[in-house]
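One letter stands for each residue in the lines below.
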Amino acid sequence: MFQEQKLQELLVYLETHSPFYQKLFKEYTINIADIQTLEDLQKIPTTVKNDIQQNNDDFFCITPDKIVDYSTTSGTLGDPVTFGLSDNDLERLAYNEAISFACAGIQKGDVVQMITTIDKRFMAGLAYFLGLRKMGASVVRMGPGIPELQWDSIFRYKPKYLITVPSFLLKMIDYAEKHGIDYKNSSVYGAVCIGESIKNQDFTDNILSQKIKEKWNIKLFSTYASTEMSTAFTECEFQHGGHHHPELIITEILDDEGKPVQEGESGELTITTLGVEAIPLLRFKTGDIVKAHYEHCECGRNTMRLGPVIGRKQQMIKYKGTTLYPPAMSDILNDFNGISCYQIVIQTNEIGLDEIIIKLSTENNDENFVNEVRDHFRAKLRVSPKIEVIDFDVLSKTVFHPNSRKPITFVDLR
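Criteria and cut-off values
Each chain has its residues counted from 1, following the order in which its sequence is written. Whole-chain, interface and lining totals are the exception, using all residues; otherwise, since this is a predicted model, local features are given only for residues with pLDDT of at least 70 and side-chain atom pairs are given and counted only at 80 or more. Calculated side-chain values reflect all of the structure's heavy atoms, with hydrogen atoms and water omitted. Only protein chains enter the accessibility calculation, which uses a 1.4 Å probe. A residue is then buried if its area is under 20% of the maximum for its type, exposed if over 50%, and partly exposed in between. Each helix is a run of DSSP H or I of at least 4 residues and each strand a run of E of at least 2, with the numbering of both proceeding from the N terminus. At least two bridges found by DSSP between two strands are what make those strands a pair. Between the rings of Phe, Tyr and Trp (Trp by its six-membered ring), a pair exists once the centres lie within 6.5 Å; its type follows the angle of the planes, with under 30 degrees stacked, over 60 edge-to-face, and the other angles tilted. Put simply, a nonpolar core is a bunch of buried Ala, Val, Leu, Ile, Met, Phe, Trp, Tyr and Cys residues held in one set by side-chain atoms that sit within 4.5 Å of each other. Should any heavy atoms of two residues lie within 4.5 Å, those residues are considered in contact. The length a helix should cover is 1.5 Å for every residue beyond the first.

The protein chain appears in an unreviewed UniProt entry as AMP-binding protein from Chryseobacterium tagetis.

1. Topic: the pairing of strand S5 (residues 161-164)
Side chains Tyr161 and Ile163 of S5 all project onto a buried face; the interleaved residues Leu162 and Thr164 project onto the opposite face, where all are buried too. Pairing of strand S3 (residues 111-114) with S5 involves three bridges; the strand directions are parallel. Along S5, the bridge assignment pairs Val112 with Tyr161. Relative to strand S6 (residues 190-193), S5 runs parallel, the two sharing four bridges. Of the residues in S6, the one forming a bridge with Tyr161 is Gly190.

2. Thoughts on unusual backbone geometry
Despite not being glycine, Ile146 shows a phi value in the positive range, around 55 degrees. With respect to the helices and strands, the residue Ile146 is situated in the loop between strand S4 (138-141) and helix H6 (147-157). Of the residues examined, Ile146 reaches a relative accessible area of 51% and is grouped as exposed.

3. A word on the packing of aromatic side chains
Evaluation of the coordinates by the stated rule reveals 13 aromatic pairs. Ring centres of Phe336 and Phe369 lie 5.6 Å apart, and the angle between their planes is 85 degrees; this geometry places the pair in the edge-to-face category. Of the two residues, Phe336 sits in the loop between helix H9 (326-334) and strand S17 (339-348) while Phe369 sits in helix H10 (residues 369-381), which places them 33 residues apart along the sequence. As far as burial versus exposure is concerned, Phe336 and Phe369 are alike and both buried.

4. Some remarks on the nonpolar core
By size, the foremost hydrophobic cluster in this structure holds 40 residues, and its most contacted members are Tyr21, Phe25 and Leu282. When residues of this core are traced back to their parent elements, those giving at least two are helix H1 (2-17), helix H2 (19-27), strand S2 (81-85), strand S10 (249-254), strand S11 (266-273) and strand S12 (284-293). With residues near it in sequence (within four places) discarded, Phe25 still touches Leu11, Leu14, Glu15, Ile30, Ile32 and Leu282. Core analysis: the next-biggest nonpolar cluster, separate from the first, contains 22 residues, Leu324, Ile358, Val370 and Val383 among them.

5. A short note on helix H4 (residues 87-103)
With 17 residues, H4 should reach 24 Å at 1.5 Å per residue; the first-to-last C-alpha distance of 25 Å fits that figure. Turning to H4, its buried residues number three or more, namely Asp89, Leu90, Arg92, Leu93, Ala94, Asn96, Glu97, Ala98, Ser100, Phe101 and Cys103. In the stretch just after H4, Gly105 is the one whose phi turns positive, near 100 degrees.

6. Focus on the environment of Ile99
Mapped onto the secondary structure, Ile99 falls in helix H4. On a C-alpha basis, the gap between Ile99 and Pro246 in space is 12 Å, while along the polypeptide they are 147 residues apart.

Written out as structure tokens, the structure is:
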């Protein structure tokens, strides 16, 4: 089997070049010759983000002179984690995005507007650019924010696709409506949506997606990736989950005991990278809770598909006996037109229990508005959080922080 052959090549590479995995194999007396099948992976302990944070240098398998790009990703302990990429890693990244964008229907010659940063050590922005270049698309590198400039660019270069955080599309629509821009007759056919979920678990449009499409009838495609994976799972035109690329990554979905879940059950996505030179990872737990889908896809691809991320494992909240994840709360807040920005704050109260505070800004002065929001939480999630209304100028500074690539809508103070 192709993946098993690639796995054996990876194990030999790690044993030869990776100080971290050399130690791990020694500590657990793992003979890599015993790992012949994907099932044998169970004999190897998992790696977590904390391991990379505390032993960052030991994960590098190449010397500094072979690194052509430095990217960082957020760490569990605050400090960013450094990822280096070799020339071949960048080539692999380009291939990954080229096949992912092709999955979403982007073709050679299409114009694509990138509403994402390509600097600030952000791997994804670079990956999108390299992938689009590799497939022969034309790129308009706009970067995030500034609706006025985005519209100027759209009418000037006529992109067919946008790559963006989906909530920003609402800001663009709002700007267009206020300034009489005929956005419904623009060249835009679809948007590849990053950083926020646009689907429910049954692949129907979630509230954010519905709000965009009510105003602007464009196609929205989900894509899911992370710096550690250097691989993306992107939806095809039938939009039943992000397609797996088996030549780039081995996936496992594990329960709390570290055992593979039954088909149809959700668990923590655990990945093994294939073909990465600088920082290859073996059984890395991503922290994302997902469900895999194996039924036939109408697009003809026969690979496994990942459903929308249910939540981050370490962001799971136990609130008055109910298990919650932040995306479910975001969905509820996105349901209200009157909320201009919000932040969900989780902290531990004086008796050691999780407490949820929803900070929000609203143009709605009706005193019943806060009660409506609270009732909606009760109806949908059976919990009633504390709600604080904060002036937009104050709250927006913490939500749209200049040092952050995405809106900071969730803060965990536990």
